Amino acid sequence: MTAHTVDSILAETKKRMKTSIETLRREMATVRTGRANPSILDSIHVEYYGSEMPLTQLASVSVPESSTLVIQPFDKSSIKAIETAILKSELGLNPANDGNVIRLPIPALTEERRKELTKVVHRMGEEIKTAIRNVRRDANDDVKKLEKDKNAGVSEDAAKKTLDQIQKLTDDFIKEIDETVKHKDAEILKV
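Bear in mind that the values here come from a model prediction, so they are computed numbers and not experimental data.

Undergrad: Run through the packing of aromatic side chains, naming residues and quoting values.
TA: Throughout the structure, instances matching the rule amount to one aromatic pair. Where Y48 meets Y49, the ring centres are 4.6 Å apart and the plane angle is 70 degrees; that geometry is what we call edge-to-face. A residue is classified by how much of its surface remains accessible, and Y48, at 15% relative accessible area, is buried. Of the residues examined, Y49 reaches a relative accessible area of 70% and is grouped as exposed.

If you want it as structure tokens, here you go:
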């Protein structure tokens, strides 16, 4: 019983921390670098027949060259709505609509904009680190409750060992966050 309960706490902790890292990667993919990347459009939702739909469900996005995205709507009547959604977004991009497709030129980033984006990326990293630490706190609380519960049969040594394992998981995931942020930083700053 003991091993299962402690193991389940560790497994759940690792699963929740992994989910946080995946969230960070998804969020960072939407941060614009100097190159055209279809994932910057992932957060855009389009008003289509009275409901909000992700742009990716209404059109295909291709990258014909490194500084342009081409958005091909599945339904030509949605082209205006897609264009409006892009203009309303915080991406600061100017779509060009020719009636069939939308061309989205990705301007080179200014030095000032690059610095702003690195701050955004660092803030994202800090938010996910906080999430990881919250997962650690919850797991530590669960282990301490088990240790106090005389029926659970978790010894002080087993609890300490589990707390050490939770800390190691935390350290590993924090390191992974730092690496991810560093990589994205390099991508943004590369001219």
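Undergrad: Help me get a handle on the pattern of salt bridges, residues and values and all.
TA: According to the stated counting rule, one finds ten salt bridges in the structure shown. Residue R25 is joined to E176 by a salt bridge in which the shortest nitrogen-to-oxygen separation is 2.9 Å. On the criterion of sequence distance, the pair formed by R25 in helix 1 (residues 2–29) and E176 in helix 5 (residues 156–189) is long-range, its members being 151 residues apart. Here R25 falls in the partly exposed class, since its relative accessible area comes to 42%.

Undergrad: Pulling in residues and values, what's your account of the pairing of strand 4 (residues 68–73)?
TA: Most of strand 4 sits inside the fold, with five of its six residues counted as buried. Pairing between strand 3 (residues 59–65) and strand 4: five bridges, direction antiparallel. Looking at strand 4, one finds that S60 is bridged to Q72. Hairpin remark: strand 3 followed by strand 4, antiparallel, with two residues in the connecting loop. The pairing of strand 4 with strand 6 (residues 102–105) spans four bridges and is classified as antiparallel.

Undergrad: I'd like a description of the side chain of S89, backed by residues and values.
TA: For S89, the position within the fold is in the loop between helix 3 (79–88) and strand 5 (96–97). The exposure class assigned to S89 is buried, which follows from its relative accessible area of 19%. Here the side chain of S89 touches I86 through a polar contact of 2.7 Å, landing on its backbone oxygen.

Rules used in this analysis
- Residues numbered from 1 in each chain as written.
- Predicted model: local features only at pLDDT ≥ 70, side-chain atom pairs only at ≥ 80, totals over all residues.
- Heavy atoms only, no water.
- Phe/Tyr/Trp six-rings, centres within 6.5 Å; stacked < 30°, edge-to-face > 60°.
- Buried < 20%, exposed > 50% of the residue type's maximum accessible area, 1.4 Å probe, protein only.
- Salt bridge = Lys/Arg side-chain N within 4 Å of Asp/Glu carboxyl O.
- Helix = DSSP H or I, 4+ residues; strand = E, 2+ residues; numbered from the N terminus.
- Pairing = 2+ DSSP bridges.
- Polar contact = N/O pair within 3.5 Å; in protein donor to acceptor, adjacent residues only side chain to side chain.

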